[in-house]
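Chain by chain, the residues:
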Amino acid sequence: MSGPRRPIHRLDPETIERIAAGEVVERPASVVKELFENALDAGATSVSVRLADGGLSLIEVADNGGGIPAAELPLALERHATNKLSGPEGLSAIATLGFRGEALAAIASVSRLRLLSRYGDESEAHGLDASAGQLGPPFTASRAPGTTVGCESLFFNTPARRKFLRSAPRERLEVLDTLQRAYLASSAVAVDLSADGVELLRLPASRDLAEACAHVLGPEFDAVKFEVRAEDGARGSLEGWFAGPAVSRSSGRGVYLCVNGRPVSSRPLAQAIRAAFGDRLPRTRQPVGVLHLHLDPTRVDVNVHPSKREVRFEREPELAEWIRRAVRSGLVGGPEPAHDTVEPERFAPVPRTLGSFTPSSTTARHRSSAPAARQARLDSPRANRSVAAEGTRPALTLLGSVDRLYWVAESGADLLLLDQHAASERVWYEALLAHSRLGQQRLVQPVRVRLAPREAEVARERLEYLRSVGFEVEPMGGAEWWLRGLPSFRGRTAPAEEFPRLLAELADGGRPSVPDGLVERTAASVACHAAVRAGDRIDAEEMGRILAGLYALPSAPTSCPHGRPIAVRLPRGRLDRWFGRSSV
Ligand code: ADP
Ligand code: MG
């Protein structure tokens, strides 16, 4: 807070009436969020968080902020008592993170709370205990200036709410996430987190947002990030960093949105950010990055939701469009290319006896010097025609390939373009999944990998499972890990860089405590590595094999495991329109 500290006072009934009502404390992460905000409002430059048992038995938040005068400690624990908001008019332009005067009271009512604070030049700290909201006698203790709030046995007196908590590792991950979000919103503050004696986070005060992003989002993000900036006199300004398309997530949890220093979530604004990436990201993928909005506080309503996570914006559609354009121009670094959509082709399985793909003689000549390959035909053109005649599907004839990447094929009267990597990747992927177990390749030289905090937490939590899939890993201490073995299949191995990427995906999975999806993700990664790449010179025979593989899949795929299309069809009608034959 700027200016001299005001004393804590009870809010008047009219203001209380206008404050969004509801439950503030749902889980350990919401306790940490409130206590962290209090520390920031008190001007702290360093905040330390300790958990035991995922926060279920202990949450302790200590800061070096301005503290609370001894005489005001009981008021701090009272409902609707605050030193931030003064009257209802203050609600229209909230400049502090807190304003409702409810958090400490709410936490105290459902736990055993200890508030210990040393204010200004007081020579010692004063404390107060509360159990289920009942205050104990005051006491003194020694402490550096600042405040410590300890919250033990959360929900001990409300067993119904305790039942809604998830496992300790899951709650711990939520706390980690909350602190990272808070840090990315106000990264001039140093934050650390330890759980059951293990340090999970150590985020130093950052000079700027780029540095903060590097600490939280890790080296992968840092390597591909681009900057977003915009300014608009009436509206305010925005700044952010986003990963280029090479780094993306399967969920929207990788986008950190902050408004005037407050982490918030907003569907319309998140959608605007996603829209900025358009088809630069596969349809199933979400961007990763941080966006700070600096808006006139009278145009943002924070008093919408009890946890202050959701906010309302004045002229939201225009704001969203402004954001979309700013992120887009950061991404493309220039004007947008014209939009052109095509439908991905679906490779429905064909009966084995009828499936036929004819590499044309041109393809063979063009692509390979091996005589055997030159004559490669999986079937005769006559057979192709018979497929079409029976109406199963039009024959597919490969005509050639462009730039060792795109294959050109004729399918009935249409033109089909295929991506050789996506096609091959999908075939490998399905083969891997059909083969129930991945093997493991031990590395001769162990590889060191650096993990972002969230990834490291998932790795610790899922160590046994990761090993069962083939990742032989071991913490080295700090952010460094040893990789001693990697998943493999038919002699093909996932690259070491896949490990942090997989962990990020896993952290996003929503339910990291169940094994869902890890096998698929590992398979996708091995497949990606094993597949034919863009730029690989392959012969007609192999093209035919890949195509046959695609058409034999029961899943009728349209995309590679990462969601990029395998092929697009340019229908004859479209070609006709291009050539001015639309009346034909
Ligand atoms: P609010 O933050 O909405 O004012 P809280 O219940 O979170 O309500 O806190 C009540 C009051 O206690 C705050 O207004 C503030 O004066 C004081 N307080 C709480 N935590 C701290 C802290 N870490 N440092 C200094 N003062 C604090
Ligand atoms: Mg507060």
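All values derive from a computational prediction rather than experimental measurement.

**Observations concerning the environment of Leu-506**
Link 1 in the chain: Within the secondary structure layout, Leu-506 lies in helix α16 (residues 498-508).
Link 2 in the chain: Relative accessible area serves as the criterion here: at 2%, Leu-506 is assigned to the buried category.
Link 3 in the chain: Along the sequence, Leu-506 and Leu-518 sit 12 residues apart, while their C-alpha atoms lie 7.0 Å from each other.

**Considerations on the sheet that holds strand β15 (residues 262-264)**
Link 1 in the chain: Spatial ordering of the open sheet is given by β12-β13-β16-β14-β15, a layout of 5 strands whose pairing is mixed. The two strands at the open ends of the sheet, each matched to only one other strand, are β12 (225-232) and β15. Geometrically, the sheet is characterised by an average inter-axis angle of 20° between neighbouring strands, direction not taken into account.
Link 2 in the chain: Inspection of the sheet shows strand β14 (residues 255-259) paired to β15 by 3 bridges, in the antiparallel sense. Each residue of the ladder has a partner; that of Cys-258, found in β15, is Pro-263.
Link 3 in the chain: Packed onto the sheet, helix α9 (residues 316-332) meets β12, β13 (236-243) and β16 (289-295) and runs at close to 140° relative to β12.

**Here's the deal with the side chain of Glu-211**
Link 1 in the chain: Following the sequence through the fold, Glu-211 ends up in helix α7 (residues 209-224).
Link 2 in the chain: With a relative accessible area of 19%, Glu-211 lands in the buried category.

**A few points about the site of ligand 1**
Link 1 in the chain: Taken together, 21 residues lie around ligand 1, and Asn-38, Asp-63, Thr-82, Lys-84 and Gly-101 are the ones closest in.
Link 2 in the chain: A distance of 2.8 Å separates a nitrogen atom of ligand 1 from a polar side-chain atom of Asp-63.
Link 3 in the chain: One of the side-chain N or O atoms of Thr-82 is found 2.5 Å from an oxygen atom in ligand 1.
Link 4 in the chain: Expressed as a share of its isolated accessible area of 540 Å², the protein-covered part of ligand 1 is 96%.

**Quick look at helix α17 (residues 518-530)**
Link 1 in the chain: Compared with an ideal rise of 1.5 Å per residue, which puts 13 residues at 18 Å, α17 spans 18 Å between its outermost C-alpha atoms and is within 8% of the ideal.
Link 2 in the chain: Among the residues of α17, those classed as buried are Leu-518, Thr-522, Ala-523, Ala-524, Ser-525, Val-526, Ala-527 and Ala-530.
Link 3 in the chain: For α17, the elements touching its buried residues are α13 (420-434), α15 (463-469), β25 (480-489), β26 (492-493) and α16.

**Here we look at the packing of helix α6 (residues 168-185) against α7**
Link 1 in the chain: With their axes 9 Å apart at the nearest point, α6 and α7 run at an angle of 165° to one another. Accordingly, the angle class assigned to the pair α6 and α7 is roughly antiparallel. Like other packed secondary-structure pairs, α6 and α7 cross with a definite hand, here right-handed. Across the interface between the two elements, Gln-180, Tyr-183 and Leu-184 from α6 touch Leu-209, Ala-212, Cys-213, His-215 and Val-216 from α7.
Link 2 in the chain: Along the lines of polarity and charge, the residues of the contact of α6 with α7 split into 6 nonpolar, 2 polar and no charged.

**Thoughts on the state of the cysteines**
Link 1 in the chain: Under the counting rule described, the total for this entry stands at 0 disulfides.
Link 2 in the chain: For Cys-213, which is in no disulfide, the shortest distance to another cysteine sulfur is to Cys-258 and amounts to 9.3 Å.
Link 3 in the chain: The exposure class of Cys-213 is buried, given its relative accessible area of 0%.
Link 4 in the chain: You can see Cys-528 has no disulfide; the closest cysteine sulfur is in Cys-560, sitting 7.7 Å from it.

**Things to note about helix α14 (residues 453-461)**
Link 1 in the chain: Along α14, 7 of the 9 residues are buried, which leaves the element largely enclosed by surrounding structure.
Link 2 in the chain: Within α14, the full set of buried residues consists of Pro-453, Arg-454, Glu-455, Ala-456, Glu-457, Val-458 and Ala-459.
Link 3 in the chain: Where α14 is buried, its residues touch α6, β11 (198-203), α7, α15, β25 and α16.

**Here we look at the environment of Asn-157**
Link 1 in the chain: Within the secondary structure layout, Asn-157 lies in the loop between β9 (146-152) and α5 (159-162).
Link 2 in the chain: Counting along the chain gives 45 residues from Asn-157 to Arg-112, while the straight-line C-alpha distance between them is 9.5 Å.
Link 3 in the chain: Setting aside anything within four residues of it in sequence, one finds Asn-157 in contact with Ser-109, Val-110, Ser-111 and Ala-132.
Link 4 in the chain: At 2.9 Å, the side chain of Asn-157 forms a polar contact with the backbone oxygen of Ser-109.

**Side note on the pattern of salt bridges**
Link 1 in the chain: Throughout the structure, instances matching the rule amount to 40 salt bridges.
Link 2 in the chain: With its nearest N and O atoms 3.3 Å apart, the salt bridge here joins Glu-318 to Arg-315.
Link 3 in the chain: Among the residues examined, Glu-318 registers a relative accessible area of 36% and is labelled partly exposed.
Link 4 in the chain: Put simply, Glu-464 and Arg-467 hold a salt bridge, and the shortest N to O gap is 3.4 Å. Remark: Arg-467 and Glu-464 occur in helix α15; sequence separation between them is 3 residues, near one turn of the helix.
Link 5 in the chain: Here Glu-464 falls in the exposed class, since its relative accessible area comes to 56%.
Link 6 in the chain: Classification of Arg-467 by relative accessible area gives partly exposed; the value is 28%.
Link 7 in the chain: Here the salt bridges share partners, and the residues they tie into one network are Arg-166, Arg-170, Glu-174, Asp-177, Arg-253 and Arg-454.

**Section: the nonpolar core**
Link 1 in the chain: If you look at the biggest cluster of nonpolar residues, it comprises 97 residues, and the most contacted ones within it are Val-25, Leu-115, Leu-179, Leu-193 and Phe-499.
Link 2 in the chain: Beyond its immediate sequence surroundings of up to four residues, Phe-499 is in contact with Val-449, Leu-451, Leu-466, Phe-471, Val-473 and Leu-483.
Link 3 in the chain: Of all hydrophobic cores here, the second largest spans 36 residues; its members include Ile-19, Leu-85, Phe-226 and Leu-291.

**A short note on the pairing of β11**
Every regular strand shows the same layout, with side chains that alternate between the two sheet faces.
Link 1 in the chain: Bridging between strand β10 (residues 190-195) and β11 involves 5 bridges; their strand directions are antiparallel. Residue Ser-194 lies in a different strand from β11, and its bridge partner there is Glu-199.
Link 2 in the chain: The hairpin turn running from β10 into β11, its antiparallel successor, is 2 residues long, and Asp-196 in that turn takes a positive phi close to 45°.

**Focus on the packing of α6 against α14**
Link 1 in the chain: Taken N-terminus to C-terminus, the directions of α6 and α14 make an angle of 175°; their axes are 10 Å apart at the nearest point. By the criterion of interaxial angle, the relationship of α6 to α14 is roughly antiparallel. Contact with α6, carried on its side by Pro-169, Arg-172, Leu-173, Leu-176, Asp-177 and Gln-180, involves Pro-453, Arg-454, Glu-457, Val-458 and Glu-461 of α14 and no other residues of that element.
Link 2 in the chain: Class assignment for the residues of the contact of α6 with α14 results in 5 nonpolar, 1 polar and 5 charged.

**Some remarks on the confidence of the model for the protein chain**
Link 1 in the chain: Model confidence for the protein chain is summarised by a mean pLDDT of 84, while 88% of its residues fall at 70 or above.
Link 2 in the chain: Under a pLDDT of 50 for its full length, residues 361-392 has, in the predicted model, 55 contacts with residues more than four places off or in other chains.
Link 3 in the chain: Low pLDDT (under 50) marks residues 510-516, which in the prediction has 16 contacts with non-local residues, meaning those over four places away or in another chain.

Parameters at a glance
Residues numbered from 1 in each chain as written. Chains lettered and ligands numbered in written order. Predicted model: local features only at pLDDT ≥ 70, side-chain atom pairs only at ≥ 80, totals over all residues. Heavy atoms only, no water. Helix = DSSP H or I, 4+ residues; strand = E, 2+ residues; numbered from the N terminus. Buried < 20%, exposed > 50% of the residue type's maximum accessible area, 1.4 Å probe, protein only. Pairing = 2+ DSSP bridges. Axes fitted to C-alpha atoms, helices over the stretch in contact; angles between N-to-C directions. Contact = heavy atoms within 4.5 Å. Near = heavy atom within 4 Å. Polar contact = N/O pair within 3.5 Å; in protein donor to acceptor, adjacent residues only side chain to side chain. Areas by Shrake-Rupley, 256 points an atom, 1.4 Å probe, with all protein chains shown as cover. Expected span 1.5 Å × (residues − 1). Parallel < 35°, antiparallel > 145°, perpendicular 65-115°, else oblique. Left-handed = near helix turned anticlockwise from the far one by under 90°. Nonpolar A, V, L, I, M, F, W, Y, C, P; charged D, E, K, R; others polar. Disulfide = S-S within 2.5 Å. Salt bridge = Lys/Arg side-chain N within 4 Å of Asp/Glu carboxyl O. Core = buried A, V, L, I, M, F, W, Y, C linked by side-chain atoms within 4.5 Å. pLDDT = per-residue confidence, 0-100.

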